[in-house]
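Structural overview for review
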Amino acid sequence: MEEQRKIFSGVLFVIVMICPSGFGHPGYRLKIPNGLNVPNPCFNVGGLWNGVGHNIEIGGGALNPFGKDFLDANGTWTQELCMTDSDSDGKINGLELGDFNCTWFEGQPPMGDATGHPGICEPMDDPKCIEINKDVSCR
Ligand SMILES: [Ca+2]
(Lines give C-alpha, C1' and ligand atoms only; values in the text may rest on other atoms or scores of the structure.)
Protein backbone atom coordinates (compact mmCIF):
# COMPACT_ATOMS: atom_id res chain seq x y z
CA MET A 1 0.00 0.00 0.00
CA GLU A 2 2.80 2.40 0.97
CA GLU A 3 4.68 1.38 -2.18
CA GLN A 4 1.60 2.09 -4.31
CA ARG A 5 1.24 5.48 -2.70
CA LYS A 6 4.87 6.30 -3.53
CA ILE A 7 4.44 5.21 -7.14
CA PHE A 8 1.25 7.25 -7.44
CA SER A 9 3.02 10.30 -6.00
CA GLY A 10 5.90 9.83 -8.41
CA VAL A 11 3.60 9.52 -11.42
CA LEU A 12 1.64 12.57 -10.30
CA PHE A 13 4.88 14.53 -9.90
CA VAL A 14 5.96 13.63 -13.44
CA ILE A 15 2.56 14.60 -14.86
CA VAL A 16 2.67 17.96 -13.09
CA MET A 17 6.21 18.61 -14.27
CA ILE A 18 5.64 17.78 -17.93
CA CYS A 19 2.22 19.39 -18.20
CA PRO A 20 2.57 22.98 -17.06
CA SER A 21 -0.37 23.94 -19.26
CA GLY A 22 -3.94 24.06 -18.12
CA PHE A 23 -3.69 26.70 -15.47
CA GLY A 24 -4.36 29.75 -17.52
CA HIS A 25 -1.00 29.89 -19.28
CA PRO A 26 0.63 32.59 -17.14
CA GLY A 27 2.99 33.33 -20.02
CA TYR A 28 0.14 34.03 -22.43
CA ARG A 29 -1.66 36.18 -19.89
CA LEU A 30 1.29 38.58 -19.86
CA LYS A 31 0.93 39.00 -23.61
CA ILE A 32 -2.47 40.71 -23.36
CA PRO A 33 -3.40 43.86 -21.42
CA ASN A 34 -4.75 43.07 -17.93
CA GLY A 35 -4.26 39.37 -18.64
CA LEU A 36 -3.84 38.68 -14.93
CA ASN A 37 -6.94 40.69 -14.01
CA VAL A 38 -9.79 39.53 -16.22
CA PRO A 39 -13.02 39.46 -14.20
CA ASN A 40 -15.03 36.26 -13.93
CA PRO A 41 -18.30 36.98 -15.76
CA CYS A 42 -20.27 34.18 -14.09
CA PHE A 43 -23.07 35.42 -11.87
CA ASN A 44 -22.53 35.01 -8.15
CA VAL A 45 -18.98 33.74 -8.61
CA GLY A 46 -16.78 36.83 -8.67
CA GLY A 47 -13.02 36.84 -8.70
CA LEU A 48 -10.89 36.45 -11.78
CA TRP A 49 -10.98 34.24 -14.87
CA ASN A 50 -7.44 32.91 -15.15
CA GLY A 51 -7.79 30.80 -18.30
CA VAL A 52 -8.58 33.87 -20.38
CA GLY A 53 -8.51 31.97 -23.69
CA HIS A 54 -10.48 29.00 -22.36
CA ASN A 55 -14.06 27.98 -21.56
CA ILE A 56 -13.23 27.08 -17.97
CA GLU A 57 -11.84 29.48 -15.40
CA ILE A 58 -8.68 27.50 -14.58
CA GLY A 59 -7.81 27.14 -18.27
CA GLY A 60 -7.05 24.06 -20.32
CA GLY A 61 -9.36 22.25 -22.71
CA ALA A 62 -11.21 23.97 -25.50
CA LEU A 63 -10.48 27.55 -26.47
CA ASN A 64 -13.14 30.23 -26.31
CA PRO A 65 -13.54 32.66 -29.26
CA PHE A 66 -10.88 35.00 -27.84
CA GLY A 67 -8.44 32.11 -27.36
CA LYS A 68 -8.98 31.13 -31.00
CA ASP A 69 -8.42 34.69 -32.21
CA PHE A 70 -5.32 35.01 -30.01
CA LEU A 71 -3.97 31.80 -31.52
CA ASP A 72 -4.73 33.11 -35.01
CA ALA A 73 -2.71 36.23 -34.12
CA ASN A 74 0.25 33.96 -33.25
CA GLY A 75 -0.10 34.70 -29.56
CA THR A 76 0.43 38.43 -30.00
CA TRP A 77 -1.71 41.42 -29.01
CA THR A 78 -2.14 43.05 -32.39
CA GLN A 79 -4.14 46.09 -33.44
CA GLU A 80 -6.49 43.73 -35.27
CA LEU A 81 -6.98 41.48 -32.22
CA CYS A 82 -7.61 44.57 -30.09
CA MET A 83 -10.24 45.83 -32.55
CA THR A 84 -11.98 42.45 -32.80
CA ASP A 85 -15.09 41.61 -30.77
CA SER A 86 -14.18 37.95 -30.31
CA ASP A 87 -17.18 37.02 -28.16
CA SER A 88 -19.69 39.06 -30.24
CA ASP A 89 -21.09 40.95 -27.26
CA GLY A 90 -20.68 44.35 -28.89
CA LYS A 91 -17.49 45.35 -27.07
CA ILE A 92 -14.12 45.02 -28.79
CA ASN A 93 -11.37 43.09 -27.03
CA GLY A 94 -9.39 46.27 -26.34
CA LEU A 95 -12.35 47.79 -24.53
CA GLU A 96 -12.87 44.65 -22.46
CA LEU A 97 -9.19 44.45 -21.52
CA GLY A 98 -8.63 48.13 -20.76
CA ASP A 99 -6.60 48.97 -23.87
CA PHE A 100 -9.09 51.54 -25.08
CA ASN A 101 -6.91 52.99 -27.84
CA CYS A 102 -5.35 49.67 -28.89
CA THR A 103 -1.87 51.04 -28.17
CA TRP A 104 -0.74 48.60 -25.46
CA PHE A 105 2.30 46.43 -25.90
CA GLU A 106 3.78 43.70 -23.71
CA GLY A 107 5.41 44.95 -20.54
CA GLN A 108 3.50 48.26 -20.43
CA PRO A 109 0.85 49.10 -17.83
CA PRO A 110 -2.59 49.02 -19.46
CA MET A 111 -4.48 52.27 -19.96
CA GLY A 112 -7.33 51.19 -17.69
CA ASP A 113 -8.85 48.23 -15.91
CA ALA A 114 -10.40 45.28 -17.70
CA THR A 115 -14.14 45.95 -18.01
CA GLY A 116 -15.21 42.52 -19.18
CA HIS A 117 -14.13 39.17 -20.55
CA PRO A 118 -12.98 39.17 -24.20
CA GLY A 119 -13.93 35.52 -24.81
CA ILE A 120 -17.24 35.23 -22.99
CA CYS A 121 -20.32 37.11 -24.19
CA GLU A 122 -21.72 39.39 -21.49
CA PRO A 123 -24.02 39.78 -19.78
CA MET A 124 -24.25 36.01 -19.75
CA ASP A 125 -28.04 35.94 -19.41
CA ASP A 126 -28.50 38.04 -22.54
CA PRO A 127 -30.41 35.84 -25.03
CA LYS A 128 -27.79 36.48 -27.72
CA CYS A 129 -25.06 35.27 -25.36
CA ILE A 130 -26.62 31.96 -24.36
CA GLU A 131 -25.79 30.22 -27.66
CA ILE A 132 -22.36 31.90 -27.91
CA ASN A 133 -21.47 30.77 -24.37
CA LYS A 134 -22.89 27.26 -24.66
CA ASP A 135 -19.48 25.67 -23.96
CA VAL A 136 -18.57 27.99 -21.07
CA SER A 137 -18.45 26.37 -17.64
CA CYS A 138 -19.39 28.49 -14.63
CA ARG A 139 -18.98 25.77 -12.01
CA1 LIG B 1 -16.45 41.39 -26.70
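Anything mentioned here points back to the structure above.
Read on for an overview of the structure. What you are looking at is a predicted structure, and each value in this text was computed from that prediction instead of being measured.

**Focus on the overall build of the protein chain**
Each helix and strand counted, the protein chain has six helices and zero strands in total. Along the protein chain, helices (α) and strands (β) appear in the sequence α-α-α-α-α-α when read from the amino end. Taken across its 139 residues, the protein chain has 38% of its residues classed as buried. Once local pairs closer than 6 in sequence are excluded, the contacts in the protein chain between residues at least 24 apart make up 44%.

**What about the pattern of salt bridges?**
Under the definition given, this model contains four salt bridges. Two residues, Asp 135 and Lys 134, come together in a salt bridge whose shortest N-O distance is 3.9 Å. Of the two residues, Asp 135 and Lys 134, both sit in the exposed class.

**Considering the coordination of the calcium ion**
The calcium ion binds to the protein through Asp 85 (OD), Asp 87 (OD), Asp 89 (OD), Lys 91 (O) and Glu 96 (OE), with metal-donor distances spanning 2.0 to 2.4 Å. Spacing between the donor residues of the calcium ion along their common chain follows D-x1-D-x1-D-x1-K-x4-E. By relative accessible area, Asp 85 is classed as partly exposed at 23%.

**Quick look at the nonpolar core**
Of all hydrophobic cores here, the largest spans twelve residues; its members are Ile 32, Val 38, Val 52, Phe 66, Phe 70, Ala 73, Trp 77, Leu 81, Cys 82, Leu 97, Cys 102 and Trp 104. Contributions of two or more residues to this core are made by α3 (65–72) and α4 (79–83). In this structure, Val 52 is in contact with Arg 29, Ile 32, Gly 35, Val 38, Asn 64, Phe 66, His 117 and Pro 118, ignoring residues within four places of it in sequence. In this structure, Cys 42, Trp 49, Met 124 and Val 136 belong to the second largest nonpolar core, which totals five residues.

**A word on the packing of aromatic side chains**
For any pair of aromatic rings, the description consists of the separation of the ring centres together with the inter-plane angle of the planes. Counted by the stated rule, this structure contains two aromatic pairs. Between Tyr 28 and Phe 70, the ring centres sit 5.7 Å apart and the planes meet at 65 degrees, which makes this aromatic pair edge-to-face. Of the two residues, Tyr 28 is situated in helix α2 (residues 26–29) and Phe 70 in helix α3; the sequence distance between them amounts to 42 residues. Taking the relative accessible area as the measure of exposure, Tyr 28 reaches 44% and is therefore partly exposed. By relative accessible area, which is 8% here, Phe 70 ends up buried. For the pair Phe 66 and Phe 70, a centre-to-centre distance of 6.2 Å together with 25 degrees between the ring planes defines the contact as stacked. Here Phe 70 and Phe 66 lie together in helix α3, a separation of four residues that amounts to about one turn. A single burial state applies to Phe 66 and to Phe 70, both of which are buried.

**Thoughts on the environment of Gly 47**
Position of Gly 47 among the secondary structure elements: in the loop between α2 and α3. Overall, Gly 47 belongs to the exposed group, its relative accessible area being 54%. Expressed as a C-alpha distance, the spacing of Gly 47 and Asn 37, which sit ten residues apart in the sequence, is 8.9 Å. Sequence-distant contacts of Gly 47, that is, excluding residues within four places in its chain, are made with Val 38, Pro 39 and Asn 40.

Cut-offs used in this document
Residues numbered from 1 in each chain as written. Predicted model: local features only at pLDDT ≥ 70, side-chain atom pairs only at ≥ 80, totals over all residues. Heavy atoms only, no water. Helix = DSSP H or I, 4+ residues; strand = E, 2+ residues; numbered from the N terminus. Buried < 20%, exposed > 50% of the residue type's maximum accessible area, 1.4 Å probe, protein only. Contact = heavy atoms within 4.5 Å. Salt bridge = Lys/Arg side-chain N within 4 Å of Asp/Glu carboxyl O. Donors = N, O, S within 2.8 Å, 3.2 Å for Na, K, Ca; no water. Core = buried A, V, L, I, M, F, W, Y, C linked by side-chain atoms within 4.5 Å. Phe/Tyr/Trp six-rings, centres within 6.5 Å; stacked < 30°, edge-to-face > 60°.

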